[in-house]
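# A look at the structure
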Amino acid sequence: MITSLVITIDGPAGTGKSSVANRLAQRLGLEFLDTGAMYRAAALLAIELGLSPDGGHELAAAIGREPPRFDWKASPPRLLLGNRDVSERIRDADVTGIVSRVAVCPEVRRQMVAWQRAAAMQHPRLVTEGRDQGSVVFPDAPLRIYLDADPHVRARRRAEQLRAAGRAADEADILRGILERDRIDSGRSEGPLRVPEGAERVDTSTLDLHGVVERLETLARARLGDRLAHNAAAAARA
Ligand code: DC
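Here is a short report on the structure shown in this document. (Residues numbered from 1 in each chain as written. Predicted model: local features only at pLDDT ≥ 70, side-chain atom pairs only at ≥ 80, totals over all residues. Heavy atoms only, no water.)

## Details of the site of the ligand
Short version of the rule: Nearness is defined per residue: one heavy atom within 4 Å of the molecule or strand is enough. In protein, a polar contact means a hydrogen-donor-capable atom and an acceptor-capable atom, both N or O and within 3.5 Å, with residues adjacent in sequence counting only if both atoms are side-chain atoms; elsewhere, any N or O pair within 3.5 Å suffices. Surface accessibility in these figures is a Shrake-Rupley result with a 1.4 Å probe; residues are shielded only by whichever protein chains are displayed. Only DSSP runs of H or I covering at least 4 residues are called helices, and only runs of E covering at least 2 are called strands; the numbering of each starts at the N terminus. Amino acids outside the nonpolar list (Ala, Val, Leu, Ile, Met, Phe, Trp, Tyr, Cys, Pro) and the charged list (Asp, Glu, Lys, Arg) are all regarded as polar, and Gly is one of them.
Within the structure, the ligand sits among 16 residues, and Arg40, Arg109, Arg131, Asp132 and Arg188 are positioned closest to it. Here a nitrogen atom of the ligand sits 3.0 Å away from a polar atom, N or O, in the side chain of Thr35. Contact between the ligand and Asp132: a nitrogen atom at 2.8 Å from a side-chain N or O atom of the residue. Protein chains shield 96% of the accessible area of the ligand, which is 450 Å² for the free molecule. In terms of residues, the shell around the ligand owes the most to one element, helix H2 (residues 35-49), which gives 4 residues. A per-class count over the shell around the ligand returns 3 nonpolar, 5 polar and 8 charged.

## Notes on the nonpolar core
Quick note on the threshold: Working definition of a nonpolar core: buried Ala, Val, Leu, Ile, Met, Phe, Trp, Tyr and Cys residues. They are joined through side-chain atoms within 4.5 Å. Relative accessibility under 20% of the residue-type maximum defines a buried residue, over 50% an exposed one, and the middle range a partly exposed one, all with a 1.4 Å probe and only protein chains included. In what follows, residue pairs with any heavy atoms lying within 4.5 Å of each other are defined as contacts.
Counting residues in hydrophobic clusters, the biggest one holds 36 residues, and the most contacted among them are Leu79, Val102, Val108 and Met112. Of all the secondary structure elements, the ones that give two or more residues to this core are H2, helix H3 (56-65), strand E4 (78-81), helix H4 (93-102) and helix H5 (106-122). No other element matches H2, which puts 9 residues into this core. For Val108, the residues in contact, after removing those within four places along its chain, are Tyr39, Gly56, Leu59, Ala60, Ile63 and Val102. Counting 22 residues, the second-largest nonpolar core is a separate cluster that includes Leu5, Ala21, Ile145 and Val212.

## Structural notes on the pairing of strand E1 (residues 5-10)
For the record, the criterion: Strand pairing requires that DSSP identify at least two bridges connecting the strands.
Burial within E1 is extensive, with 6 of its 6 residues counted as buried. Burial along E1 is two-sided: the face carrying Leu5, Ile7 and Ile9 and the face carrying Val6, Thr8 and Asp10 are both buried. Strand direction decides the pairing type here: E1 and strand E7 (residues 143-148), joined by 4 bridges, are parallel. Considered in E7, the bridge of Asp10 is made with Tyr146.

## As for the pairing of E4
By the bridge criterion, 4 bridges tie strand E3 (residues 68-71) to E4 in an arrangement that is antiparallel. Looking across to E4, one finds that Phe70 is bridged to Leu79. With antiparallel pairing between neighbouring strands as the criterion, E3 and E4 make up a hairpin whose turn holds 6 residues. Relative to strand E5 (residues 84-85), E4 is paired through 2 bridges, and the arrangement is antiparallel.

Given below as C-alpha cells:
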C-alpha cells in the first residue's frame, strides 16, 4: 500500500515556488500540485462570466458548476476548465490583476481546500505549493517549507521571466503589484499567507533555482529518507 507523503511549499508571489515545487517533485519521484493555478482558474471564470471578483457566493456557485481539474498525465499537470486547457491563459495580466481578490472569498477558499485534499487522496505522493498548504490544508504534512525572498528580487525575477517569454515588463509596476498581492494575501481572514508553525523557512534572495531545489532536496532526504524510499518502492510495484 502507498502511504500518504505530502510536502508543502508556501510563500509569497515571485519566490519561484512553482518551478521549485515541480523540480523537487521530479527529483523525489512525487507528483506536483499548483494550487495558485486553481485560484487563477476561478479568476478566469469570473472574467469570462462577467462576475465580480469579490462576489463570493456567485463565484463559488460558478466554480462549483465548472471546477478546475488537472490532467495528471502531463508533467507538470495541465489545468483544465471544462474541456479547455487554460494553463497559459491563467498567467495573463487580467487574471493576475484580480486573482488575489478572488482568493479572499471564504466560499471560494473552502471549495479549493476540499478539492486540494481530494487531489491528495488520489495522488498521495505529492509536493503541493500555495499560500495555505502547510498552515491550513495539510498541517500534518511531514515536511512544510516556507520560501521567502526580498520583494525587489522577486520583482526582478518576474520581469526576467516575462522578458524571456517575449513580453514587456516594467519592474517598478511589477514590484507594486507584488506588494499589493502580498498585502491582500497576508491580510485576509481565511487562509492568510503566513509561515506555518514548524515550517522550514528558506530565503531564496541569493539562491538560483538550482540552489533552492538542491537545498530542499537535501532537507527532504534528511527528514523523510526512509519514507521516500519506501513510497518509491510501493509506487513502482503499484
Ligand atoms: O502562486 P500564484 O501567483 O499562482 O497564486 C495566485 C493567487 O492565488 C495569489 O494571489 C495567491 C492566491 N493563492 C491562495 O490564496 N492560496 C493558495 N493556496 C494558492 C494561491
